[in-house]
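One letter stands for each residue in the lines below.
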Amino acid sequence: MQKTKKYFAESELIINEDGSVFHLHLRPEQLADRVILVGDPGRVNLVASYFSNVECEISNREFHTITGTYLNKRITVLSTGIGCDNIDIVLNELDALANIDFSTREEHETPRSLTIVRIGTCGGLQPYTPSGTFIASQKSIGFDGLLNFYARRNEVCDLSLEDAFKAHVIWNPQLCAPYVVDNDSDLLQSIAADDMVRGITISCGGFYGPQGRELRLPLADPHLNEKIVTFEHEGLRVTNFEMEGSAIAGLAKLMGHRALTCCMVIANRRAKNVKLNYNNTIDVLIKKVLERI
């Protein structure tokens, strides 16, 4: 018996008049199988400066996209802006471009799997993650709560690590339930190689309070970061804070894509120092990902 294809109504999948998806303004044929995500729209041009040719360049709001070729590999580089809420838009629209026929509004019969790597910056949390360190996320903990809105969440999450983490930090039930997702193991092996630190990355729903920064507003739990840095599970420690990786890992796994987050440390939160002039170093990380993706 033939499976009935799912139909996506106009209100659920918004397609622009030019045949592009609502926020990204990309058409299906403009998306490569290899995708690099960056937060800063300006960093898209830095990544694309290594392309031997450029097929297209599209910008809408914070979403800036260039598709081109690097060493005979067709790659799309796309800026997401800041936060897991934007990742919800980006991953869903990338998946729609890959797996939905825009003319019929039905799923393709054969699913298409994307390879997605985020290149970003982060805050280091351990003595061995000083400014300038490259970190590849082996596991991602989401403080943002995004994945909890989707079915099958428990099927892709590390529930034992979730329980251990909540017990260790004495998790405040008023906060979003944290979720834990493995990044793609094959991508981790090929891209992290032997020159990136591997560990647990926490994705936060904000830059200040959610990451333990206190300016004029006091924190609900001023000791949360102290508890986070002492957490250990099966030999892994929490190495860094950033703001997008958990949603990328979780949504990609639910959708059947492969994903990995690679970040460069620009501030070590324990040492309380920061490296703002990091363009040359992030450039090195970009070249490593381009060569290994």
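As the structure is a computational prediction, the values presented were derived from the model and not from experiment.

Colleague: Account for helix α4 (residues 185-192), with residues named and values stated.
Modeller: Count 3.6 residues to each turn of an α-helix, and residues three or four apart come out pointing the same way. Considered for burial, the residues of α4 that qualify are Leu 187, Leu 188, Ile 191 and Ala 192. Down the axis of α4, the smallest arc covering the buried residues is 100 degrees, so these residues share one side. Turned more than 90 degrees away from the buried face of α4, the exposed residues are Asp 186 and Gln 189. Measuring from the side-chain oxygen of the N-cap residue of α4 to the backbone nitrogen of Asp 186 gives 3.2 Å; that N-cap residue is Asp 184. Looking one or two residues beyond α4, the residue adopting positive phi is Ala 193, at roughly 50 degrees.

Colleague: Could you give an account of the side chain of Arg 153, naming the residues involved and the relevant values?
Modeller: You can see Arg 153 is positioned in the loop between β8 (134-142) and α3 (159-169). Classification of Arg 153 by relative accessible area gives buried; the value is 12%. Look past the residues within four positions of Arg 153 in its chain and what remains in contact with it is Leu 147, Asn 148, Leu 159, Glu 162, Pro 178 and Tyr 179.

Colleague: Give a description of the pairing of strand β12 (residues 236-242) that names residues and reports values.
Modeller: Of all 7 residues that make up β12, 6 are buried, and the element is covered over most of its length. Alignment of strand β7 (residues 115-124) against β12, held across 2 bridges, turns out to be antiparallel. Paired with Gly 123 across the bridge in β12 is Phe 241. Bridge count between strand β10 (residues 197-203) and β12: 4 bridges; the pairing is parallel. Opposite Ser 203, over in β12, you have Glu 242 as the bridge partner. By the bridge criterion, 2 bridges tie strand β11 (residues 232-233) to β12 in an arrangement that is antiparallel. Across the sheet, residue Glu 232 finds its bridge partner in β12, namely Arg 237.

Colleague: Quick one: what's the story with the layout of surface pockets, residue by residue and with numbers?
Modeller: If you add up the space inside the largest pocket, you get close to 1,100 Å³. Taken together, 31 residues form the lining of the largest pocket, with Lys 6, Phe 8, Asp 95, Ile 100 and Glu 107 sitting closest to its centre. The set of elements that each furnish at least two residues to the lining of the largest pocket consists of α2 (84-99) and α6 (245-255). When residues of the lining of the largest pocket are assigned to their parent elements, the largest contribution, 7 residues, is made by α2. Partitioned by chemical class, the residues of the lining of the largest pocket number 14 nonpolar, 7 polar and 10 charged. The volume enclosed by the second largest pocket comes to roughly 800 Å³. The wall of the second largest pocket is formed by 34 residues, among which Gly 209, Gln 211, Gly 212, Arg 213 and Asn 225 lie closest to the centre. Breaking the lining of the second largest pocket down by element, the ones donating at least two residues are α5 (224-229), β13 (258-268) and β14 (273-274). When residues in the lining of the second largest pocket are grouped by element, the largest group, 4 residues, is from α5. Looking at side-chain class alone, the lining of the second largest pocket contains 19 nonpolar, 8 polar and 7 charged residues.

Colleague: Report on the pattern of salt bridges, specifying residues and quantitative values.
Modeller: In total, this model carries 16 salt bridges according to the counting rule given. Here Arg 118 makes a salt bridge to Glu 244, at a shortest N to O gap of 3.0 Å. Of this pair, Arg 118 sits in strand β7 while Glu 244 sits in the loop between β12 and α6, and the two are 126 residues apart along the sequence. Taken individually, Arg 118 and Glu 244 each receive the classification buried, so the pair is uniform in this respect. Here Arg 153 and Glu 162 are joined by a salt bridge, their closest N and O atoms 3.0 Å apart. One exposure class covers both Arg 153 and Glu 162, and it is buried. The network of salt bridges with common partners includes Arg 118, Glu 242 and Glu 244.

Cut-off values and rules
- Per chain, residue numbering runs from 1 following the sequence as it is written.
- For this predicted model, a pLDDT threshold of at least 70 governs which residues receive local features, and a threshold of 80 or more governs which side-chain atom pairs are given and counted, while totals over whole chains, interfaces and linings are taken from all residues.
- Working from all heavy atoms in the structure, the side-chain values ignore hydrogens and water.
- Burial classification: accessible surface area is computed with a 1.4 Å probe over protein chains only, and a residue below 20% of its type maximum counts as buried, one above 50% as exposed, and the rest as partly exposed.
- Numbering of helices and strands runs from the N terminus; a helix is a DSSP stretch of H or I covering at least four residues, while a strand is a stretch of E covering at least two.
- In this description, one arc is meant: the one made by directions from the helix axis to the C-beta atoms.
- Polar contact criterion, stated in full: a pair of N or O atoms within 3.5 Å, where within protein one must be able to donate a hydrogen and the other to accept it, and residues adjacent in sequence count only if both atoms are side-chain atoms.
- Note on contacts: a residue pair qualifies if any of its non-hydrogen atoms lie within 4.5 Å across the two residues.
- Strands are labelled as partners when DSSP assigns at least two bridges between them.
- A 1.4 Å probe that fits into a set of points on a 1 Å grid over the protein atoms alone but cannot get out defines a cavity; an open set with protein on both sides within 12 Å along at least five of seven lines defines a pocket, and lining residues are those with an atom within 4 Å of a point.
- Grid points are joined across faces, edges and corners, and a volume is the space filled by probe spheres set on the points.
- Side-chain classes follow a simple rule in which Ala, Val, Leu, Ile, Met, Phe, Trp, Tyr, Cys and Pro form the nonpolar group, Asp, Glu, Lys and Arg form the charged group, and the remainder, Gly included, forms the polar group.
- In the sections that follow, a salt bridge refers to a side-chain nitrogen of Lys or Arg positioned within 4 Å of a carboxyl oxygen of Asp or Glu.

Without other data, these values stay purely geometric and don't point to any function.
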